[in-house]
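Residue strings, one per chain:
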2 protein chains.
Amino acid sequence: MRDYKISDIAKMANVSVATVSRMLNNSASVTEKTRRKVLEAIEKANYTPNAVAKNLRSKKTMALAVQVPDIGVSYFADIVKGIENMASSLNYKIFICDLQNQKEKAYEYMSLLLNRTVDGMILVTPDLTDEEIVSYVDQGYKIGVIGRHIDHREIPCVYTDNVKMGKEVVSHLISQGHERIAFLSGFAHAIDSYTRLEGYMKGLRDAGYPFLPELIENGDFNEDKGYEAFKRLIAKNVHFTAVFAANDEMALGVYKACQELNIKIPEEMAVVGVDNTRITNYIAPKMSTVDQPKYAMGALIAEKLIDQINDNIYRDQRVFKVDSTLIIRESSNYKRK
Amino acid sequence: MRDYKISDIAKMANVSVATVSRMLNNSASVTEKTRRKVLEAIEKANYTPNAVAKNLRSKKTMALAVQVPDIGVSYFADIVKGIENMASSLNYKIFICDLQNQKEKAYEYMSLLLNRTVDGMILVTPDLTDEEIVSYVDQGYKIGVIGRHIDHREIPCVYTDNVKMGKEVVSHLISQGHERIAFLSGFAHAIDSYTRLEGYMKGLRDAGYPFLPELIENGDFNEDKGYEAFKRLIAKNVHFTAVFAANDEMALGVYKACQELNIKIPEEMAVVGVDNTRITNYIAPKMSTVDQPKYAMGALIAEKLIDQINDNIYRDQRVFKVDSTLIIRESSNYKRK
DNA sequence: GTGAAAGCGCTAACAT
DNA sequence: ATGTTAGCGCTTTCAC
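Residues numbered from 1 in each chain as written. Chains lettered and ligands numbered in written order. Predicted model: local features only at pLDDT ≥ 70, side-chain atom pairs only at ≥ 80, totals over all residues. Heavy atoms only, no water.

**Comments concerning the domain arrangement of chain A**
Residue and element names in this part refer to chain A.
Point 1. Domains assigned within chain A are domain 1 (6–57), domain 2 (63–160 + 294–323) and domain 3 (162–292).
Point 2. Tallying the contact residues gives twelve residues for domain 2 and 16 residues for domain 3.
Point 3. In this assembly, domain 2 packs against domain 3 so that about 1200 Å² is buried in total across both faces, 45% of it on carbon and sulfur atoms.
Point 4. Together, Tyr75, Thr160 and Lys294 form the three largest contributors to the area buried by domain 2 at its contact with domain 3, with a combined 41%. (Domains from an automatic or database assignment. Contact = heavy atoms within 4.5 Å. Buried area = accessible area lost by both parts, 1.4 Å probe.)

Structure below.
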């Protein structure tokens, strides 16, 4: 393959490489006549500037990486769409790093940031600790996070008010006549899960109900673990009539377990998930869940991270707590007693 | 941020840059003693080689781009996982290009290939024509396709035997007592849709049933268009008792329309989709569909494209026709009459 | 408005 | 086994 470079174009158009570069980047004015000559040469050669050389010289790649636990989960896919669209409108490209639920990959993918393949990284994952993230940022790497809040003036954060969300779910369940509500958490270390649990406890307390530790089970945000956690709950022989799962995937696991055990949703067991994953609106019975403005959250974090990359001194708001919306569908729409 | 480069490390370790490079890339032997000195300097400086400079010099980026119509559709997400894992095991990175169902983006994203941001591109999309793809490849760009077959010795292809698939679906439906089976196609120009239609016609002919053009409607592989297409079918007032949709998304649109029109699936209308999208196994009634070995297909195309990138002369098989499996679930599991 | 030339950080050919 | 150096294709400073 014949590969043209900027000097070939310069020669063909009888101008200097600097002029071609200036024209390509609109970085300085060029007479209309020169412009036409250059354009003609470019056309004739079918020339495309080499982005790698440009990146090296300009020390920018105009690319961001996004880490998600599993791109197959529509919650993450929707966030990524928001990121992609905002980034694209600001002329940034996106590397999607799909961890496929393998934690180790979180570290591997950081190399994209360290080795300058991308200008910044967005973490939609709980894997790296706050300290690790802060340490990278203090070395000058640009990172934005979604779904968690890190208190550092150079880290843009977009997250949901999980405490409020948890309280809202619990009070809805209570209003439906439930007194004993189980909670299925995600990873123990995931802040999302943690704060939803906090909301759950506050909701219980506000209503004057006791917090029963035996009604809490750990999962890992995946369907299988939700399934297992629910089975453990049943095996314990504790009484409960509702489940609040820290995300939809785990709630799906509860559905599966209920089907196997012949437990009727919502008559015998109310189920509420979180994320408003696409599937929740198709499954029978339709699942109650909590919607987050995923697309907007993605767009917001992309915008703010790009701001951060281009400014360094951060101009204004950096932390965004967004509201979620409880969506009551069939799986919890049944008044007990 | 202090950015170390290879010459800094060389100075710190009292060796030449070549030695550092050689050590980093294991491209030639280095004495254990030098190795340790260099390692120590790298550690001390917290040095990571600049991938952009490396890419420029080596004229490789070790990255592939993958175009998909919509990463939120689990069919594509699964293929991408296969690609990602194979690529990653061969030390390649992946750029996911999510078209978000906007055709124009297909062309925009090609710039990643043209400007050398990636070494190759995998198209899981029907948007570019065979001619366009061939033209790129003839210019030396490396492209692999999935879901279609392009007759060119340098283009690896992995695709499903859609004709066989179509016949299988139709004969299943016929065996359930259906005589008038509607077909919902995807884009008119999509080869997948085209060949499935071909299989549908052959299946009909084999059974001695007539092909009725009024039972064919066009969609675009999305739920909305499937919904509309089905409504048009109904509005035509033609008689039919089964629908074969060219993919699950459109079949989902049929579900929605049936619900609105109070048509019972499968008793009054059998529905079969294609792709075995995750949602088909959760929706009520569970949807019959055709499974393709998505993950394996993704892995295969990645492997073959990387082969092609590294060889140029293509060694062996380039075209892979894989088999699909009809999965009969509730939406077509009802014998008529 | 345009050109000459330095240099981004790395690899690899050539020399020792 | 190790060092020297040219050069990958581009942007940008400094002249003019």
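Having seen the model, we can carry on.
**Here we look at the sheet that holds strand β4 (residues 143–146) of chain A**
Residue and element names in this part refer to chain A.
Point 1. Pairing in this open sheet of six strands is parallel, and the strands run β2-β1-β3-β4-β5-β11 from one edge to the other. A strand with exactly one partner marks an edge of an open sheet, and here the two such strands are β2 (93–98) and β11 (319–322). Each adjacent strand pair in this sheet contributes to an overall mean axis angle of 15°, direction not counted.
Point 2. Note: strand β1 (residues 63–68) against β2, six bridges, orientation parallel. (Pairing = 2+ DSSP bridges. Helix = DSSP H or I, 4+ residues; strand = E, 2+ residues; numbered from the N terminus. Axes fitted to C-alpha atoms, helices over the stretch in contact; angles between N-to-C directions.)

**Let's talk about helix α3 (residues 32–45) of chain A**
Residues and elements named next belong to chain A.
Point 1. Given a rise of 1.5 Å per residue, 14 residues ought to cover 20 Å, and the 20 Å separating the end C-alpha atoms of α3 matches this to within 8%.
Point 2. Taken as a whole, α3 has its buried residues at Thr34, Val38, Ala41, Ile42 and Ala45. On an axial view of α3, the arc spanned by its buried residues comes to 100°, and they lie on one face. Away from its buried face, by an angle of more than 90 degrees, α3 presents the exposed residues Lys33, Arg36, Glu40, Glu43 and Lys44.
Point 3. Looking at the buried positions of α3, the neighbouring elements they touch are α1 (6–13) and α2 (17–25). (Expected span 1.5 Å × (residues − 1). Buried < 20%, exposed > 50% of the residue type's maximum accessible area, 1.4 Å probe, protein only. Arc of directions from axis to C-beta.)

**A closer look at the pattern of salt bridges**
Point 1. Throughout the structure, instances matching the rule amount to 40 salt bridges over all chains.
Point 2. Linked through salt bridges whose partners overlap, the residues forming this network are Asp70 and Asp98 of chain A together with Lys81 of chain B. (Salt bridge = Lys/Arg side-chain N within 4 Å of Asp/Glu carboxyl O.)

**Side note on the UniProt feature "domain: HTH lacI-type" (unreviewed entry) in chain A**
Point 1. As recorded in UniProt, the feature "domain: HTH lacI-type" (unreviewed entry) lies at residues 4–58 of chain A.
Point 2. Here residues 4–58 of chain A is 71% helix and 0% strand, with 20 Å between the C-alpha atoms at its ends. (UniProt positions renumbered as here; feature names shortened; annotations may be inferred.)

**Quick look at the sheet that holds strand β9 (residues 270–272) of chain B**
All names here are of chain B.
Point 1. Spatially, four strands are ordered β7-β6-β8-β9 in an open sheet, and the strand pairing comes out parallel. Strands at the two margins of the open sheet, each flanked by one partner only, are β7 (216–218) and β9. Mean inter-strand twist for the sheet, computed between neighbouring axes without regard to direction, equals 20°.
Point 2. By the bridge criterion, four bridges tie strand β6 (residues 181–185) to strand β8 (residues 242–245) in an arrangement that is parallel. Its bridge partner being in β8, Ile181 is matched across the sheet by Ala242.
Point 3. Here helix α8 (residues 162–175) sits on the sheet and contacts β6, β8 and β9; the angle it forms with β9, its principal contact strand, is near 165°.
Point 4. Sitting on the sheet, helix α10 (residues 223–235) touches β6, β7 and β8, and the angle it makes with β7 is about 145°.

**Considerations on the relation of the copies chain A and chain B**
Point 1. Superposing chain A onto chain B takes a rotation of 180° combined with a translation of 0.0 Å along the rotation axis, leaving an RMSD of 0.1 Å. These values place the two chain copies in the arrangement generated by a two-fold rotation axis.
Point 2. A share of 100% of interface residues in chain A that are also interface residues in chain B marks the association as one of identical surfaces. (Least-squares fit on C-alpha atoms with pLDDT ≥ 70 in both.)

**Observations concerning the pairing of strand β3 (residues 120–123) of chain B**
Residues and elements named next belong to chain B.
Point 1. Both faces of β3 are covered, namely the face carrying Gly120 and Ile122 and the face carrying Met121 and Leu123.
Point 2. As judged from the three bridges shared by β3 and strand β4 (residues 143–146), these two strands associate in the parallel manner. Residue pairing in the sheet places Ile122 in a bridge with Gly144 of β4.
Point 3. Between the parallel elements β3 and β4, the chain passes through helix α7 (residues 130–138) in a crossover that is right-handed. (Right-handed = clockwise from strand over helix to strand, strands pointing away.)

**With respect to the protein's contact with DNA strand C**
Point 1. In the region of DNA strand C, 26 residues are neighbours, and Ser29 and Thr34 of chain A together with Ile6, Tyr47 and Arg57 of chain B sit closest.
Point 2. Each atom of DNA strand C within 4 Å of the protein was classed as base or backbone; sugar and phosphate made up 65%.
Point 3. Within the side chain of Arg57 of chain B, an N or O atom sits 2.5 Å from a base oxygen of DNA strand C.
Point 4. Here the surface near DNA strand C is composed, by residue class, of ten nonpolar, nine polar and seven charged. (Near = heavy atom within 4 Å. Polar contact = N/O pair within 3.5 Å; in protein donor to acceptor, adjacent residues only side chain to side chain. Nonpolar A, V, L, I, M, F, W, Y, C, P; charged D, E, K, R; others polar.)

**Topic: unusual backbone geometry**
Point 1. Following Ile265 of chain A, the chain continues into Pro266 of chain A via a peptide bond in cis, with omega recorded as 5°.
Point 2. Looking at the secondary structure, you find Pro266 of chain A in the loop between α11 (248–261) and β9 (270–272).
Point 3. In this structure, Phe221 of chain B takes a positive phi of about 80° despite not being glycine.
Point 4. Residue placement: Phe221 of chain B occurs in the loop between β7 and α10.
Point 5. By relative accessible area, which is 14% here, Phe221 of chain B ends up buried.
Point 6. Within the chain, Asn262 of chain B stands out as a residue other than glycine whose phi angle is a positive 60°.
Point 7. Note that Asn262 of chain B resides in the loop between α11 (248–261) and β9.

**Comments concerning the nonpolar core**
Point 1. Counting 94 residues, the largest nonpolar core has Ile181, Tyr200 and Phe230 of chain A together with Ile181, Tyr200 and Phe230 of chain B as its most contacted members.
Point 2. When neighbours within four sequence positions are excluded, Tyr200 of chain A is seen to be in contact with Gly166, Lys167, Val170, Ile181, Ala182, Phe183, Phe211, Leu215, Ile216 and Phe244 of chain A. (Core = buried A, V, L, I, M, F, W, Y, C linked by side-chain atoms within 4.5 Å.)

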